[in-house]
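Structural overview for review
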Amino acid sequence: MDYAVKNIYGKTNTNKVSVSVPGSKSITARAMLISAIAKGQSILYGVQFSDDCATFLECLKDLGIESEVNGTTLKINGCGGRLPVKKAHINVGSAGTAARFIPALLAFSDGEFTVDSSEQMKKRPVEPLIKALEQIGAKFTFLEKENSFPFIIKGTSKPNLQAEVDITNSSQFLSALLISSVCAKKPFNVKVVGSHGLDYVNITLNIMWSFGVNVKEGEGEYTVSGKYSAKKYDIEPDVSAASYFYAMNKILGTNIQVRGVMPHSMQGDIRFIELLKNFNGGKIDMHEFSDQALTLSAIAPYLDSPTEICGIEHTRKQECDRINAIAVNLKAMGVKCEERPDGVIIYPSQPKPAHVQTFGDHRVAMSFALTGLRADGIVIKDAEVCSKTFKEYFTVLDEVTSKLI
């Protein structure tokens, strides 16, 4: 599906428009996994059911975890730290969180499991997690390429109680270990090497604490103890999704508010919304909220001064090479953009008509739709990729713009 963006610049009103976005993907995935490990039934409210989260839930079902969906409410019957099955074939698709979190759960489980993925996921880094899981006693048989999907994992119910994990490429490796280490039934120690933004790890720790597990942190080491208790849990709106609408305000002068987004959100992307209030160009290190580097890049041509984004080298190994995707698409629009190893420099100018190549990446599709709100002839190719995290994004965008003109 191609989406032709409507240029509405100069046609908008200043009426206050409210919009709803799905629940946080990051919080949903963590709460689902923790609920699956807990003993008893947990009820999650405001759940996101994007492709990624639906895939995650399907993986849990294939592992014998019972659940019931009613709208955005999800009931999960936890297994008390012991999976009901000892053999299963699961597919994590292109869901990055499932691809990191599910293998960690399986490593702490007595059984033999086959884990497959999409072609895209086979290219994304997972070796640091595999090495950490091998340290606790899990054994892997790789079915295609070494240290990549697909593979067979043989878990253990008597794991070694410590592991070291490199988080240079992704903090999800650490979150995966922390969440499932509760299955060891004894205090578990994780030592961290490498560096990465820890906002998503802090989300993990907050949700673990909410479900009753204590994590002590000090000098790059985490010690997990306790067990999860089933509970009722409210999931915050997805701040990453909300950010697109606040970016619209920045370039259109509109007054869009996203329901439920609070300044004290545990999600790191809340920094981007704060940044938008006064940022009009300059140098910005986005390492700790890199999901919004694409969003800032998409509106950077309309800012007063050149925008230099740095600290996002790791995004080259996400759904696509996001730094290159920024440069390719802006240059196609006639916008001067310099690609750097860890970011880009974007110079102010009026974008020209162009077809945006999404490279199978949901954030490329959603971000560059913003550029087209203030330029003629911007078409998003394969716009349906947004279903990975925000299936109705372009429908909601149409509804919002209709209220603004």
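Source: prediction; values computed, not measured.

1. Describing helix α6 (residues 172-180)
With nine of its nine residues buried, α6 lies for the most part within the structure. Listing the buried residues of α6 in full gives Q172, F173, L174, S175, A176, L177, L178, I179 and S180.

2. Focus: the packing of aromatic side chains
The final tally for this structure, using the stated rule, is twelve aromatic pairs. With a centroid separation of 5.4 Å and an interplanar angle of 65°, the aromatic rings of Y244 and Y393 are classed as edge-to-face. You can see Y244 sitting in helix α8 (residues 239-252) and its partner Y393 sitting in helix α13 (residues 393-404), a full 149 residues away along the chain. Of the two residues, Y244 and Y393, neither departs from the other in class, the shared state being buried. Among the aromatic residues, those joined into a cluster by ring pairs are Y3, Y244, F245, F390, Y393 and F394.

3. So, the environment of C79
Relative to the helices and strands, C79 resides in strand β5 (residues 73-79). C-alpha of C79 to C-alpha of Q135: the two residues are 56 residues apart in sequence and 24 Å apart in space. Once residues within four sequence positions are removed from consideration, C79 is found in contact with A36, I37, A38, I65 and P84.

4. Topic: the packing of helix α3 (residues 96-107) against helix α5 (residues 127-136)
At a minimum axis distance of 10 Å, the contact between α3 and α5 shows a crossing angle of 10°. It follows from the interaxial angle that α3 and α5 lie roughly parallel. Only L129, L133 and I136 of α5 make contact with α3, whose side of the interface consists of R100, P103, A104 and A107. Across the contact of α3 with α5, the residue classes tally to six nonpolar, no polar and one charged.

5. Quick word on the side chain of S109
For S109, the position within the fold is in the loop between α3 and β7 (112-116). Overall, S109 belongs to the buried group, its relative accessible area being 5%. Sequence-distant contacts of S109, defined by excluding residues within four places in its chain, comprise L83, G155 and T156.

6. Comments concerning the pairing of strand β18 (residues 337-340)
Bridge count between β18 and strand β19 (residues 343-346): four bridges; the pairing is antiparallel. The partner of E338 across the bridge, within β19, is I345. The antiparallel pairing of β18 with β19 creates a hairpin that spans two residues between the two strands.

Procedures and definitions
Residues numbered from 1 in each chain as written. Predicted model: local features only at pLDDT ≥ 70, side-chain atom pairs only at ≥ 80, totals over all residues. Heavy atoms only, no water. Buried < 20%, exposed > 50% of the residue type's maximum accessible area, 1.4 Å probe, protein only. Helix = DSSP H or I, 4+ residues; strand = E, 2+ residues; numbered from the N terminus. Phe/Tyr/Trp six-rings, centres within 6.5 Å; stacked < 30°, edge-to-face > 60°. Contact = heavy atoms within 4.5 Å. Axes fitted to C-alpha atoms, helices over the stretch in contact; angles between N-to-C directions. Parallel < 35°, antiparallel > 145°, perpendicular 65-115°, else oblique. Nonpolar A, V, L, I, M, F, W, Y, C, P; charged D, E, K, R; others polar. Pairing = 2+ DSSP bridges.

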